[in-house]
Amino acid sequence: MEEKDLLINYVNVNLLQSEVIVLKDVNLNVGKGDFIYLIGKVGSGKSTLLKSFYGEVPIASGETATIFEYNLQKLKRKQVPYLRRRLGIIYQDFQLLIDRTVHDNLMFVLKATGWKDKQAMKNNIYDVLKQVGMAEKAYKMPYQLSGGEQQRVVIARALLNAPGLILADEPTGNLDPETGKGIMELLYSISQAGMTVIMSTHNPNWPEQYPGRKLQFAAGKITEL
């Protein structure tokens, strides 16, 4: 893999949570356009790995721990917001602001990440909502949407700043199978267009239906299947 296509590089990385080593000797290369599943039981370290990518879980030790051009072992607090702008994060529990419309949820994110041009902001919001099939729901409140529609809005939110990488923590975990399938098709199409996607899942069917790299988490280790 050429260096310019290497987004994440972990060599012999150890990750701690509450002073306990959760993952040991992590060796991982993530390249542009990869679609990667994180598979394992609850508590096996999947979320810990994802959180390490955006500076929420520190690197305890390791030879190399880089994401984009950031050295996570030397990451300064003031650099964290800039790193997170390069990532699109999709949460299982949506984390939408319930007191404002879909449009205003996305506007809030753009303002928080430094956008100033109102027309450019409106255009961006329309573009990402159209991409996820939600352009006609821009002025609905979150409670007026189904779970699947809310998750599509969360994906739109993750795409707002044209991230280099999408991180999805159990994106279909709270959805029924048919709705989950729609979300998987959307994420997979985003990946096929060249976006790198890393997602944790408990659903054994997704890797069969939407092929990608599979990382198994067990006993504090990660093994590529």
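Computed from a predicted structure; not experimentally measured.

**Student:** Break down helix α5 (residues 147–159) for me, with residues and values.
**Tutor:** Taking 1.5 Å as the rise per residue, α5 with 13 residues should run 18 Å; its terminal C-alpha atoms sit 19 Å apart, in good agreement. α5 sits mainly inside the fold: eleven of its 13 residues count as buried. Within α5 the residues assigned to the buried category are Gly-148, Glu-149, Gln-150, Gln-151, Val-153, Val-154, Ile-155, Ala-156, Arg-157, Ala-158 and Leu-159. Packed against the buried residues of α5 are β7 (87–90), α3 (102–112), α4 (118–131), β8 (165–169) and α6 (177–192).

**Student:** Can you lay out the nonpolar core for me, pointing to particular residues and giving the numbers?
**Tutor:** Grouped together as the largest cluster of nonpolar side chains are 38 residues, with contacts concentrated most on Phe-35, Ile-90, Leu-106, Leu-129, Ile-155, Leu-159 and Met-199. Only β3 (35–40), α3, α4, α5, β8, α6 and β9 (196–201) provide two or more residues apiece to this core. Leave out the neighbours within four places in its chain, and Ile-90 touches Gln-151, Val-154, Ile-155, Ala-158, Ile-166, Leu-167, Ala-168, Asp-169, Pro-171 and Leu-187. Tyr-10, Val-30, Ala-65 and Ile-89 belong to the second-largest nonpolar core, a separate cluster that totals 30 residues.

Calculation notes
- Residues numbered from 1 in each chain as written.
- Predicted model: local features only at pLDDT ≥ 70, side-chain atom pairs only at ≥ 80, totals over all residues.
- Heavy atoms only, no water.
- Helix = DSSP H or I, 4+ residues; strand = E, 2+ residues; numbered from the N terminus.
- Expected span 1.5 Å × (residues − 1).
- Buried < 20%, exposed > 50% of the residue type's maximum accessible area, 1.4 Å probe, protein only.
- Contact = heavy atoms within 4.5 Å.
- Core = buried A, V, L, I, M, F, W, Y, C linked by side-chain atoms within 4.5 Å.

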